[in-house]
Amino acid sequence: MIRLVHIELYKLFSSARTYMTLAIGVFLMLIINLGLYTDGEKIFDFLLESINEYFLVQGKVVNGYLITYLALNTLWVHIPILIVIVAAHIFSSEFEMGTIRLLLTQPISRRHLFFAKLIAMIVFNTCFMLLVSLAAFIPALLLFGKGDVIVFIDGIQFVQEATFMGRLIYALLFATLAMIAFSCLSMFFGLVFKNTLTSILLSLGLLIMFTLLQKFIFGIFSAWQPFIFTYHFAKWQMFFVNDIPVASILSSVYFLTGMCLVFILLSWVKFEKMNISE
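Quantities reported herein were computed from a predicted structural model and do not represent experimental measurements. (Residues numbered from 1 in each chain as written. Predicted model: local features only at pLDDT ≥ 70, side-chain atom pairs only at ≥ 80, totals over all residues. Heavy atoms only, no water.)

**A look at a nonpolar patch on the surface**
Taken together, Leu130, Leu134, Ile138 and Leu142 make up a surface patch of nonpolar side chains, about 410 Å² in accessible area. By the secondary structure assignment, leucine 134 is in helix α7 (residues 110-144). (Patch = residues over 30% accessible without salt bridge, like charges linked within 9 Å, V, L, I, M, F, W, Y side chains within 5 Å. Areas by Shrake-Rupley, 256 points an atom, 1.4 Å probe, with all protein chains shown as cover. Salt bridge = Lys/Arg side-chain N within 4 Å of Asp/Glu carboxyl O. Helix = DSSP H or I, 4+ residues; strand = E, 2+ residues; numbered from the N terminus.)

**Let's talk about the nonpolar core**
One finds Phe128, Phe182, Phe229, Phe233, Phe240 and Phe271 to be the most contacted residues of the largest nonpolar core, which totals 74 residues. A per-element tally of this core places helix α8 (residues 161-193) first, with 17 residues. Apart from residues no more than four positions distant in its own chain, phenylalanine 229 is found in contact with Phe182, Leu185, Leu206, Leu207, Phe210, Phe255 and Met259. Among the nonpolar cores identified, the runner-up in size contains five residues, and Val62, Ile67, Ala140 and Phe144 belong to it. (Core = buried A, V, L, I, M, F, W, Y, C linked by side-chain atoms within 4.5 Å. Buried < 20%, exposed > 50% of the residue type's maximum accessible area, 1.4 Å probe, protein only. Contact = heavy atoms within 4.5 Å.)

**Re the pattern of salt bridges**
Within the structure shown, the criterion is met by two salt bridges. A salt bridge links glutamate 8 to lysine 11, with the nearest nitrogen and oxygen atoms 3.4 Å apart. Of the two residues, glutamate 8 and lysine 11 both sit in helix α1 (residues 2-12), three residues apart, roughly one turn of that helix. Take glutamate 8: its relative accessible area is 7%, and that puts it in the buried class. A salt bridge links lysine 117 to glutamate 8; its shortest N-O distance comes to 3.0 Å.

**Let's talk about the side chain of threonine 196**
Note on placement: threonine 196 falls in helix α9 (residues 196-216). Judged by relative accessible area, which is 5%, threonine 196 ranks as buried. Among the polar contacts listed, one links the side chain of threonine 196 to the side chain of histidine 89, at a separation of 3.1 Å. (Polar contact = N/O pair within 3.5 Å; in protein donor to acceptor, adjacent residues only side chain to side chain.)

Limitation: the analysis is restricted to geometry and does not speak to function.
Now the structure itself:
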């Protein structure tokens, strides 16, 4: 089993696709930092213009902690898009290259092979989130320094400098779980349709559709929000409100964990019953 995991990790991190995805993620974070370094003060002066008559804002409004928070808001769109490019390819590539028949005829357990690929996918997600977070955090800290953070969630929230790092770590752990859940969905599509492009399009189609539903949902349909995975993806932001809604965050953790388990189980059943001729 350990040898299979090593092989799958070697295959994953020998692919140009993997490094291009990581490079794009890092590049996006650096571009955001550069853009806010040049125009950040003007943007936030405009945003805070309406509240300056009610609040006395002192110190550096634009600081490294705020830039990190803003950069990671791309979690909604850019990060899932990049992650799914690799996650969908883990199984579907075996069908596209015709190596699945060779794998299934080897004297190795399908269960071991399946979980080796699953572990490789989880390792990639973790590495991606860590690398992108560092690419957002380190340049922002060097360019802008530390400071309290003003967050516009349910009004205006003021996050103290001393508490920011703890909140950020918990938010990133939650976001990593969310991305693993989305990758499990994409992995399942890869097994069912045996085509990387189809899997990516279906995964991103659901992401876009559910995001739109979440944004424009109203009336009786609001009761369906807890069943939309993008609704739970957004809960990472709740770590940056003054009173963290622990119960609400835990319900999202349970939902995302359940989503992982459901699609892992469906993928495992599909893989276990697969004929060599497929």
